[in-house]
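# Structural overview
Single-letter residue listing:
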Amino acid sequence: ITEGKPALVDVVVFGNQSRDQILEMAASVETGSEHPIGKAIAQAWEAKVPVESFRSLSGKGVEGIVDGHHVLLGTDALMIEWSLALPDPEQKVRLESEGKTALWMAIDDAVVALLSVADTVREHSPSAIESLKAMQLKLVMVTGDAKATAQRVGESVGIDAIEAQVLPGEKADVVSLHVDGRPGNAGLFGAEQFDRMKPRSLFINAARGMVVDTEALRERIESGHIAGAALDVFPIERSEEHTSELQ
């Protein structure tokens, strides 16, 4: 939906550190991150400090020792897990209402800053989503972003339902609930549904939730009704194994 090129846009400082000190430590601890948001923060400051004991905490943030200081950078849940007081929750709500992803930063057991990162919606996303909805598909955005951030992005492009603050390990179950009303069965469709669709191959997202007729999809892409760049899916060819699984 978005460009996938987020950038750091706000640094709100609560502690005694300067903005530059915050940026240096935040960029350093995020150097080992593979997440686009982490990479955006890492790119915001060129000079880095060596990091020890780095850990990526799936869906919550990162942790590491920077210049002898214990640094946490991440979500409300991560700060609460460490029993840290949040100095200005309203500030975070305001940033998220603007469509930004806001993260707390703690140094040595005290929250010292709030950093926000923003991405932009791809030019062709609204028209791509409109075309998919015309194919009678219910579109659900499942994301780890905060509710306000996800709501702003999802509503701007016409998403039907938005599931926010979902951890990576929970996404498949959330998709399943939308597919067939129960968790633990992501991406599985009954034989009747499969026969009615008769796809030559399946398009399925990383959480194994979105299945469409690829021939119809290809026709729409070739005719310009759907911008292929806006679709974050990959193909799985139909086989006897997949057919039996779907049944």
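Our subject is the structure listed above.
The present account deals with the structure reproduced in this document. Here the structure is a predicted model, which means the values were calculated and not measured.

On to the pattern of salt bridges, then. Applying the stated criterion to the full structure yields 8 salt bridges. Between Lys60 and Glu81 there is a salt bridge; the shortest N-O distance is 2.6 Å. Within this pair, whereas Lys60 is found in the loop between strand 2 (51-57) and strand 3 (61-66), its partner Glu81 is found in helix 3 (residues 76-81), the two being separated by 21 residues in sequence. Using a relative accessible area of 25% as the deciding quantity, one classes Lys60 as partly exposed. With its nearest N and O atoms 3.2 Å apart, the salt bridge here joins Asp76 to Lys92. Of this pair, Asp76 sits in helix 3 while Lys92 sits in helix 4 (residues 89-97), and the two are 16 residues apart along the sequence.

Applying the stated criterion to the full structure yields 1 aromatic pair. Ring centres of Phe14 and Trp104 lie 6.2 Å apart, and the angle between their planes is 35°; on these two criteria the pair is classed as tilted. Of this pair, Phe14 sits in the loop between strand 1 (7-13) and helix 1 (19-29) while Trp104 is found in strand 5 (residues 101-107), placing the two residues 90 residues apart along the sequence.

Our focus in this paragraph is the nonpolar core. Looking at soluble globular proteins, one finds that nonpolar side chains tend to be buried together. Membership of the largest hydrophobic core comes to 22 residues, with the highest contact counts inside it found for Ile22, Ile41, Leu73, Met105 and Leu115. Counting only elements with at least two residues in this core, the list comes to strand 1, helix 1, helix 2 (36-42), strand 3, strand 4 (69-74), strand 5 and strand 6 (111-118). Per-element tally for this core: the top contributor is helix 1, with 5 residues. With residues near it in sequence (within four places) discarded, Met105 still touches Ile22, Met25, Ala26, Val71, Leu72, Leu73, Ala110, Val111, Val112, Ala113 and Leu115. Membership of the second largest hydrophobic core comes to 12 residues, among which are Val12, Leu57, Leu95 and Trp104.

Through backbone hydrogen bonds, the strands of a sheet pair up, either in parallel or in antiparallel fashion. Strand order in the open sheet formed by 6 strands is 1-6-5-4-3-2, with antiparallel pairing between adjacent strands. Looking along the sheet, the strands with just one partner apiece sit at the ends: strand 1 and strand 2. Strand-to-strand twist in this sheet, taken as the mean axis angle between neighbours without regard to direction, amounts to 20°. Bridging between strand 4 and strand 5 involves 4 bridges; their strand directions are antiparallel.

What counts and what doesn't
- Residues numbered from 1 in each chain as written.
- Predicted model: local features only at pLDDT ≥ 70, side-chain atom pairs only at ≥ 80, totals over all residues.
- Heavy atoms only, no water.
- Salt bridge = Lys/Arg side-chain N within 4 Å of Asp/Glu carboxyl O.
- Helix = DSSP H or I, 4+ residues; strand = E, 2+ residues; numbered from the N terminus.
- Buried < 20%, exposed > 50% of the residue type's maximum accessible area, 1.4 Å probe, protein only.
- Phe/Tyr/Trp six-rings, centres within 6.5 Å; stacked < 30°, edge-to-face > 60°.
- Core = buried A, V, L, I, M, F, W, Y, C linked by side-chain atoms within 4.5 Å.
- Contact = heavy atoms within 4.5 Å.
- Pairing = 2+ DSSP bridges.
- Axes fitted to C-alpha atoms, helices over the stretch in contact; angles between N-to-C directions.

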